[in-house]
Amino acid sequence: MSRKVLRTRLVLIVVALIAALAGAWGLINVRAIATYNEATHTLNTSIRQARNPQADPAAIKALQDQADRLFAQAARPGPLLLPKTRQAAQANQATSTALAQRTERVLKKQQADKTKNGQDGKSGSGKGSSSGLTKQQEAEVEDLLKRNQQQSDPSSPNQTGNTGGHQDQEKGVKPW
């Protein structure tokens, strides 16, 4: 009778180990899928921004770096992942890498344009290349800014004088 009890215990231990391993494998896959979903969301956001010509390439690059780190983290379990999860992660990682390379080229081009504009003596701050405005639009904006500056300069001392007195009056007012 003791041999039957021993065999039963061994079978139960083996079944418990198999269940524990299956549970761990499942948790690894669930975590990888959650990380993959977050990385895919980040990738979709950066793709949406990359389609916008007014978007900041530095911000897109930051999102791409985050997406690449998340995809690498999702793929870390390697052979333990479900095949479809692994294939989807690899496909999206390739898309992310392509977008990161494109963004890097755009950033390098913008930096070259800024350097060129700075050397040519044009717009010293390089606003034209990063703002997406044409030279005519830049001139109009600068003209509006100058007009606004001229209009606000004569009235600015009066405004600050009035607000200072008004603030002093409000300090004495009790909230109740």
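Residues numbered from 1 in each chain as written. Predicted model: local features only at pLDDT ≥ 70, side-chain atom pairs only at ≥ 80, totals over all residues. Heavy atoms only, no water.

Enquirer: Outline the overall build of the chain, listing residues and values.
Expert: Of the regular secondary structure elements, the chain holds 5 helices and 0 strands. By the burial criterion, 20% of the 176 residues in the chain qualify as buried. Relative to all contacts within the chain whose residues are 6 or more apart in sequence, the contacts with residues 24 or more apart total 65%. About 13300 Å² of surface is accessible on the chain, with carbon and sulfur atoms providing 57% of the total. (Helix = DSSP H or I, 4+ residues; strand = E, 2+ residues; numbered from the N terminus. Buried < 20%, exposed > 50% of the residue type's maximum accessible area, 1.4 Å probe, protein only. Contact = heavy atoms within 4.5 Å. Areas by Shrake-Rupley, 256 points an atom, 1.4 Å probe, with all protein chains shown as cover.)

Enquirer: Break down the nonpolar core for me, with residues and values.
Expert: Counting residues in hydrophobic clusters, the biggest one holds 12 residues: Tyr36, Ala39, Leu43, Ala50, Ala55, Ile60, Ala67, Leu70, Phe71, Ala74, Ala89 and Leu99. Counting residues per element, this core draws most heavily on helix 2 (residues 57–75), which supplies 5 residues. Among all residues touching Ile60, those that are not within four sequence positions of it are Ser46, Gln49, Ala50, Ala55 and Thr103. (Core = buried A, V, L, I, M, F, W, Y, C linked by side-chain atoms within 4.5 Å.)

Enquirer: Describe a nonpolar patch on the surface, with residues and values.
Expert: Taken together, Trp25, Ile28, Ile33, Leu80 and Leu82 make up a surface patch of nonpolar side chains, about 380 Å² in accessible area. For Ile33, the position within the fold is in helix 1 (residues 2–51). (Patch = residues over 30% accessible without salt bridge, like charges linked within 9 Å, V, L, I, M, F, W, Y side chains within 5 Å. Salt bridge = Lys/Arg side-chain N within 4 Å of Asp/Glu carboxyl O.)

Enquirer: Outline the pattern of salt bridges, listing residues and values.
Expert: Counted by the stated rule, this structure contains 2 salt bridges. For the salt bridge of Lys61 with Asp65, the shortest nitrogen-to-oxygen distance reads 3.5 Å. Taken together, the residues span about one helical turn, with Lys61 and Asp65 both in helix 2 at a distance of 4 residues. Residue class for Lys61 comes out partly exposed when judged on its relative accessible area of 27%. Asp65 sits in the partly exposed class, given a relative accessible area of 30%.

Enquirer: Please set out the side chain of Ser96 residue by residue, giving values where relevant.
Expert: Looking at the element boundaries, Ser96 is found in helix 3 (residues 83–120). The buried category is assigned to Ser96, whose relative accessible area is 0%. Apart from residues no more than four positions distant in its own chain, Ser96 is found in contact with Leu43, Gln64, Ala67, Asp68 and Phe71.

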